[in-house]
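# Examining the three-dimensional arrangement
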Amino acid sequence: MSTKAFPERVRIVEVGPRDGLQNEKSPVSTAIKLGLIEGLANAGLSVIEATAFVSPKWVPQMADAAAVMAGLPLRTGLRYPVLTPNLKGFEAALAAGAKEVAIFTAASETFCEKNTNCSIDESFARFAPIMAAARDAGVAVRGYVSCVLGCPFEGDIALDRVLAVSERLLAIDCYEVSLGDTIGVGTPGSTARLFDSLCARIPADKLAGHFHDTWGQALPNILTSLGYGIATFDSSVAGLGGCPYSPGASGNVATEDVVYMLNGLGIETGVSLDALVDTAAFISDALGRAPASRVARAALARRLRQAGE
Ligand code: HMG
Ligand code: MG
């Protein structure tokens with residue numbers, strides 16, 4: 001594969017504090033979440049999805065959204081988008097100081113129903129007042145499409161459905177569409193077919209890749225996306241995560257794995273791998289398990305060996 005068309009720089013959207021933690025069974029304290037975010041900011045991540053203003057009955061782990069917002073480390077250039085499914089969530093996010101939000105829908109009707117209790121059309125009806133309020137408040141809005149490479153309920157998803165929902169999100173003024181392989185079933189082949197379809201109609205700089213690593217294909221899928229000029233990827237430190245409404249889905253691709261691969265390709269991210277591994281160790285210790293990231297595990301094992309020499 002030629003790497004000539006690859007972007008020189010990639011923007012990583014760190015989703016660990018939100019996508020990573022939303023599915024944790026035991027409560028994670030606000031202090032641990034803020035420690036995680038501080039570590040990520042220190043590692044050089046400049047876009048950190050901090051939390052979600054969703055129903056606490058649906059996702060109890062995000063019930064402390066306002067408290068997380070109140071404790072965020074504020075530094076120039078740092079952005080903290082938050083998820084908002086409806087106007088109620090948007091208003092709460094705005095009151096908590098959010099400057100950027102993300103709305104989310106799906107290319108699968110069944111997933112949309114299970115995740116947000118509404119059809120795809122109804123999700124757009126909920127977005128209309130959010131977009132109007134965001135415009136008034138000068139808040140940037142990102143759009144997510146779930147199930148772009150497969151649905152846990154419907155199986156294969158037609159490419160024209162992904163295209164239609166993505167174009168609809170851009171038409172209502174989302175600045176970018178993040179394409180969720182929610183259950184991590186995509187392969188480089190299906191990823192290439194997806195971008196063959198989307199990039200014929202949508203500029204690559206309006207698209208981002210959001211790959212879960214359930215079937216171990218996330219890095220090859222990112223490599224494939226780079227060939228289409230995609231330069232924004234969502235990832236989660238230590239490979240944390242999974243969607244509560246997506247049975248069998250595991251974590252996002254690990255940020256350490258993405259940064260290690262991009263470093264090897266000479267692509268800039270602005271992220272320090274060493275500091276990221278420290279943060280992976282911090283959150284993994286707090287959750288009482290080893291990082292899912294192969295790179296973090298290898299780096300931590302090497303540190304142990306070097307300390308024993
Ligand atoms: P609903 O039950 O249909 O909503 O849920 P409702 O409007 O009928 O309200 C029911 C109750 O929820 C009411 O409270 C509302 O006040 C409250 P009650 O009167 O019963 O006490 N409520 C809220 N509370 C706090 N914040 C809100 C809010 N809205 C209503 N924003 C709703 C609809 C969308 C709220 C619900 O389904 C929900 O919260 N879903 C969130 C699901 C979620 O967070 N999923 C994970 C994130 S998406 C994801 O992970 C995929 C992604 O990573 C990409 C990928 O990988 O594919 C982005
Ligand atoms: Mg996700």
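Refer to the structure above for everything that follows.
No experiment lies behind these values; they were computed from the predicted model shown. (Residues numbered from 1 in each chain as written. Chains lettered and ligands numbered in written order. Predicted model: local features only at pLDDT ≥ 70, side-chain atom pairs only at ≥ 80, totals over all residues. Heavy atoms only, no water.)

## Some words on the pattern of salt bridges
Rules: The salt bridge definition used is simple: a Lys or Arg side-chain nitrogen within 4 Å of an Asp or Glu carboxyl oxygen. A helix here means a DSSP run of H or I that spans at least four residues, while a strand means a run of E at least two residues long, and both kinds are numbered starting from the N terminus. Exposure is judged per residue with a 1.4 Å probe applied to protein chains only, and the accessible area is read against the type maximum: over 50% gives exposed, under 20% gives buried, and values in between give partly exposed.
The tally for this structure, following the rule as stated, stands at 16 salt bridges. Arg142 is the partner of Glu176 in a salt bridge, and the nearest nitrogen-oxygen pair spans 2.7 Å. Taken as a pair, Glu176 in the loop between helix H7 (159-171) and strand S7 (177-181) and Arg142 in strand S6 (residues 140-146) lie far apart in primary sequence, 34 residues in all. By the burial criterion, Glu176 is buried, and Arg142 matches it.

## Regarding the coordination of the magnesium ion (ligand 2)
To keep it simple, the criterion reads: Coordinating donors are taken to be N, O and S atoms lying within 2.8 Å of the metal, or within 3.2 Å when the metal is Na, K or Ca; because water is excluded from the atom set, some sites may appear incomplete.
Donor atoms from the polypeptide that bind the magnesium ion (ligand 2) are Asp19 (OD), His210 (NE2) and His212 (NE2), placed at 2.0 to 2.3 Å. Each donor residue of the magnesium ion (ligand 2) belongs to the same chain, and together they define the spacing D-x190-H-x1-H. Placement of Asp19 in helix H1 (residues 16-20) and of His212 in the loop between strand S8 (207-211) and helix H9 (218-226) is noted, with a sequence separation of 193 residues between them. With relative accessibility at 2%, the residue Asp19 sits in the buried group.

## Details of the site of ligand 1
We apply this condition: Near is defined per residue: the residue qualifies when any heavy atom it owns lies within 4 Å of the molecule or strand. Pairs of N or O atoms within 3.5 Å make up the polar contacts considered here, provided that, within protein, one atom can donate a hydrogen while the other can accept it, and that residues adjacent in sequence are counted only when both atoms are side-chain atoms. In short, Shrake-Rupley with a 1.4 Å probe defines the accessible areas, and a residue's cover is counted only from the protein chains shown. For this classification, Asp, Glu, Lys and Arg are treated as charged, while Ala, Val, Leu, Ile, Met, Phe, Trp, Tyr, Cys and Pro are nonpolar and the rest, including Gly, are polar.
The local shell around ligand 1 holds 27 residues, among which Asn86, Asn115, Asn117, Ser146 and Thr182 are the closest. Residue Thr182 places a side-chain N or O atom 2.5 Å away from an oxygen atom belonging to ligand 1. Here ligand 1 loses 75% of its free accessible area of 1100 Å² to cover by the protein chains. Elements supplying a minimum of two residues to the shell around ligand 1: H1, helix H4 (87-95), helix H5 (109-116) and S6. Looking at the shell around ligand 1, its residues break down into ten nonpolar, twelve polar and five charged.

## Concerning unusual backbone geometry
Of note in the backbone geometry, Asn117 takes a positive phi value of approximately 60° without being a glycine. Looking at the secondary structure, you find Asn117 in the loop between H5 and helix H6 (120-137). Of note in the backbone geometry, Cys147 takes a positive phi value of approximately 65° without being a glycine. Position of Cys147 relative to the elements: it lies in the loop between S6 and H7.

## Observations concerning the packing of H9 against helix H10 (residues 255-264)
The condition is simple: Every axis corresponds to a line fitted to the C-alpha atoms, with the helix fit spanning only the stretch in contact, and the corresponding angles, defined between N-to-C directions, vary from 0 to 180 degrees. Here roughly perpendicular refers to angles of 65 to 115 degrees, roughly parallel to angles under 35, roughly antiparallel to angles over 145, and oblique to all remaining angles. The crossing is said to be left-handed when, going from far helix to near helix, the turn is anticlockwise and less than a right angle, and right-handed when the turn is clockwise. It only takes one pair of heavy atoms within 4.5 Å for two residues to be counted as in contact.
Look at H9 against H10: their axes get within 11 Å of each other, and the N-to-C directions meet at 45°. For the element pair H9 / H10, the angle class is oblique. For the pair H9 and H10, the crossing hand works out as right-handed. Contacts between H9 and H10 involve Leu219, Ile222, Leu223 and Leu226 from the former and Asp257, Val258, Met261 and Leu262 from the latter. Looking at side-chain class alone, the contact of H9 with H10 contains seven nonpolar, no polar and one charged residues.

## Side note on the sheet that holds S7
Applicable threshold: In this description, strands pair whenever DSSP reports at least two bridges between them.
With respect to topology, nine strands assemble into an open sheet ordered S2-S1-S9-S8-S7-S6-S5-S4-S3, the strand pairing being parallel. Across the chains shown, the open sheet's two edge strands, defined by having one partner strand only, are strand S2 (47-48) and strand S3 (51-52). The pairing of strand S1 (residues 11-14) with S2 spans two bridges and is parallel. If you follow Val13 over to S2, its bridge partner there is Val47. Strands in contact with H9 are S7, S8 and strand S9 (232-235); relative to S8, the strand with the most contacts, it is inclined by about 170°.

## With respect to the packing of H6 against H7
At a closest axis distance of 12 Å, the pairing of H6 and H7 adopts a crossing angle of 10°. For the element pair H6 / H7, the angle class is roughly parallel. Packed against H6, whose contacting residues are Ile120, Asp121, Phe124 and Phe127, the element H7 presents Val165, Arg168 and Leu169 at the interface. Residues that form the contact of H6 with H7 fall into these classes: five nonpolar, no polar and two charged.

## A word on the pairing of S8
Basically, it comes down to this: Classification remark: right-handed applies to a crossover when, strands pointing away from the viewer, the course from the first strand over the helix to the second runs clockwise.
Burial of S8 is extensive: five of the five residues sit out of reach of the surface. One ladder, built from two bridges, connects S8 with S9; its direction is parallel. Bridging across to S9, Gly209 finds its partner in Phe233. Between the parallel pair S8 and S9, the chain is carried across by H9, and the sense of this crossover is right-handed.

## Let's talk about the nonpolar core
Inclusion rule: Side-chain atoms within 4.5 Å link the members of a nonpolar core, which is a set of buried Ala, Val, Leu, Ile, Met, Phe, Trp, Tyr and Cys residues.
Residues Leu169 and Leu179 are the most contacted members of the largest nonpolar core, which totals 90 residues. The dominant element in this core, judged by the number of residues it contributes, is H6, at six residues. The residues touching Leu179, leaving out its near neighbours within four places in the chain, are Val145, Val148, Val162, Ser166, Leu194, Phe195, Leu198, Leu207, Ala208, Gly209 and His210.

## Looking at the packing of aromatic side chains
Cut-off, in case you're wondering: By convention, a stacked pair of Phe, Tyr or Trp rings (six-membered ring in the case of Trp) has centres within 6.5 Å and planes under 30 degrees apart, an edge-to-face pair has planes over 60 apart, and any other such pair is tilted. Our definition puts a charge over a ring when NZ of Lys or CZ of Arg is within 6 Å of the ring centre and also within 35 degrees of the ring normal.
Counted according to the given criterion, the structure contains two aromatic pairs. On the numbers, 5.7 Å between centres and 35° between planes, the contact of Phe195 with Tyr228 is tilted. Of the two residues, Phe195 sits in helix H8 (residues 188-198) while Tyr228 sits in the loop between H9 and S9, which places them 33 residues apart along the sequence. Given the relative accessible area of 1%, Phe195 is considered buried. One cation-aromatic arrangement involves Arg142 over Tyr144; the distance from NZ or CZ to the ring centre is 5.4 Å.

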